[in-house]
Amino acid sequence: MKKVIILTALLFTFCANAVDKVFFEQVIIDNVERSIVSIKQINASIKQGQSKKSQALFAQLVRHWKKVEATYMLGDLNEDFLDTPRYIDIFHGNNEDIKAQLDLIISTSDDLSYALYKHSHKTINALEYLLFTQDLSNARVSAMALIMAKSIERYLQEIKSAYQAHQAKFVQDEQFASAILLNTLVSSAYALKEWRIGDVVGLSKKYKDHADAQRAEYAISQNSTVAILSILQAHKQAIDAPNYKDFGDVARKFGASKEINKTTDYLNQAIAQVEKMQEQDLLNAKGKSLYQSTDRLMNSYYLSLMNKLGFISKVLDADGD
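Treat the numbers as computed from the prediction; the structure is a model and nothing was measured.

Axis angle and axis distance: for two packed helices, these are the angle between their axes and the distance between the axes, and together they describe the pair. The contact between helix α1 (residues 21–47) and helix α2 (residues 51–70) brings their axes to 8 Å, and the two run at 160°. As summarised for this structure, α1 and α2 are arranged roughly antiparallel, according to the angle between their axes. As α1 packs across α2, the resulting crossing turns out to be left-handed. Each of Asn-31, Val-32, Arg-34, Ser-35, Ser-38, Ile-39, Gln-41, Ile-42, Ser-45 and Ile-46 in α1 lies in contact with α2, whose residues at this interface are Lys-53, Ser-54, Leu-57, Phe-58, Gln-60, Leu-61, His-64, Trp-65, Lys-67 and Val-68. Residues belonging to the contact of α1 with α2 are distributed by class as follows: nine nonpolar, eight polar and three charged.

Residue position: Gln-164 is located in helix α7 (residues 139–165). The class of Gln-164 is partly exposed, set by a relative accessible area of 43%. Between the C-alpha atoms of Gln-164 and Phe-24, which are 140 residues apart in sequence, the distance is 9.3 Å.

So, about the pattern of salt bridges. Counted by the stated rule, this structure contains 13 salt bridges. The partner of Lys-66 in a salt bridge is Asp-89, and the shortest N-O contact between them spans 2.8 Å. Note that Lys-66 is positioned in helix α2 and Asp-89 in the loop between α3 (74–77) and α4 (98–107), a separation of 23 residues in sequence. A single burial state applies to Lys-66 and to Asp-89, both of which are buried. Across the pair Asp-295 and Lys-193 runs a salt bridge whose closest N-O atoms are separated by 3.6 Å. Taken together, the residues Asp-295 in helix α13 (residues 285–308) and Lys-193 in helix α9 (residues 174–201) connect sequence positions 102 residues apart. One network of salt bridges, in which partners are shared, links Lys-66, Glu-69, Asp-89, Arg-196 and Glu-217.

The rules we used
Counting from 1, residues in each chain are numbered in the order their sequence is written. Whole-chain, interface and lining totals are the exception, using all residues; otherwise, since this is a predicted model, local features are given only for residues with pLDDT of at least 70 and side-chain atom pairs are given and counted only at 80 or more. Hydrogen atoms and water are omitted, and side-chain values are computed over all heavy atoms in the structure. Angles here are taken between N-to-C directions and fall from 0 to 180 degrees, while the axes themselves are lines fitted to C-alpha atoms, restricted in helices to the stretch in contact. Starting at the N terminus, helices and strands are each numbered in turn, a helix being any DSSP run of H or I of at least four residues and a strand any DSSP run of E of at least two. The scheme is simple: roughly parallel for angles under 35 degrees, roughly antiparallel for over 145, roughly perpendicular for 65 to 115, oblique for anything else. Each crossing gets its handedness from the near helix: less than a right angle anticlockwise from the far helix is left-handed, clockwise is right-handed. Residue contacts follow a heavy-atom distance rule, with two residues in contact if any of their heavy atoms lie within 4.5 Å. Following the grouping adopted for this structure description, the nonpolar residues are Ala, Val, Leu, Ile, Met, Phe, Trp, Tyr, Cys and Pro, the charged ones are Asp, Glu, Lys and Arg, and the polar ones are all others, Gly among them. Whether a residue is buried, partly exposed or exposed follows from its accessible area with a 1.4 Å probe, protein chains only, as a fraction of its type maximum: under 20%, in between, or over 50%, in that order. Counted as salt bridges are all cases of a side-chain nitrogen of Lys or Arg within 4 Å of a carboxyl oxygen of Asp or Glu.

What follows is the structure in structure tokens.
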């Protein structure tokens, strides 16, 4: 069963801007813009037939996109955008074997605008498969990769435009902004701990004692630790940044200094750990230690900060893995 975390705020207890306009522009908007630049560069390198460059740029895209995903609050600002991340990234949300489907599409002569009809066929996961296992000098493979890159860019552009359109709602609605930001961090920390680390090292509930490197988020390109570090860095941007008012500043103002300091310590520990890890370390003692660190981080968000700041939490079971 998947745990879905729903938070509501006690509006009379937490009455200050969770973050300000600078945070919104330097974190939320900037990370989307960097993702857009990365996918445009990949598009150009594919057109030029530069396979190695495309692979290097893919790692850069992962770095920026994971930060966008880790702090994705757009669906709370406008429910029309709840599913948009799934049009870009299907990790842990799709049971189909897109590798086999893409191989079949490559082997046929069907028109690509028809053959690549599924959203999953045009995600970052599909692009990874082509860039790291297929020959870009093959005209059909190259054409497929370009369709994927253009689709990813289109959705990123939509995310940017929608964020800009709803910026005022986020910055001005104090309690709402506080609730959705903390909800996002809790959900992101859970997915990081259970799916990206626990499922790989064999410590998650679903795969207890059954480690498997192929469950890593970017096992094909060996960018899974890159993704983990980027997610943690996005959390750092949200709760412990020196150049703008962040969630940590607000938590301290409202008497949660001890709790946010502990949370920041756990976050820094996890960042330091993954910075010293290679991809294969997800399967050994380092992976197990990182799992424990991210577990403490999630619990610190979920139990300490929410309780201290007056949030009511409910954990509901929902269908899913």
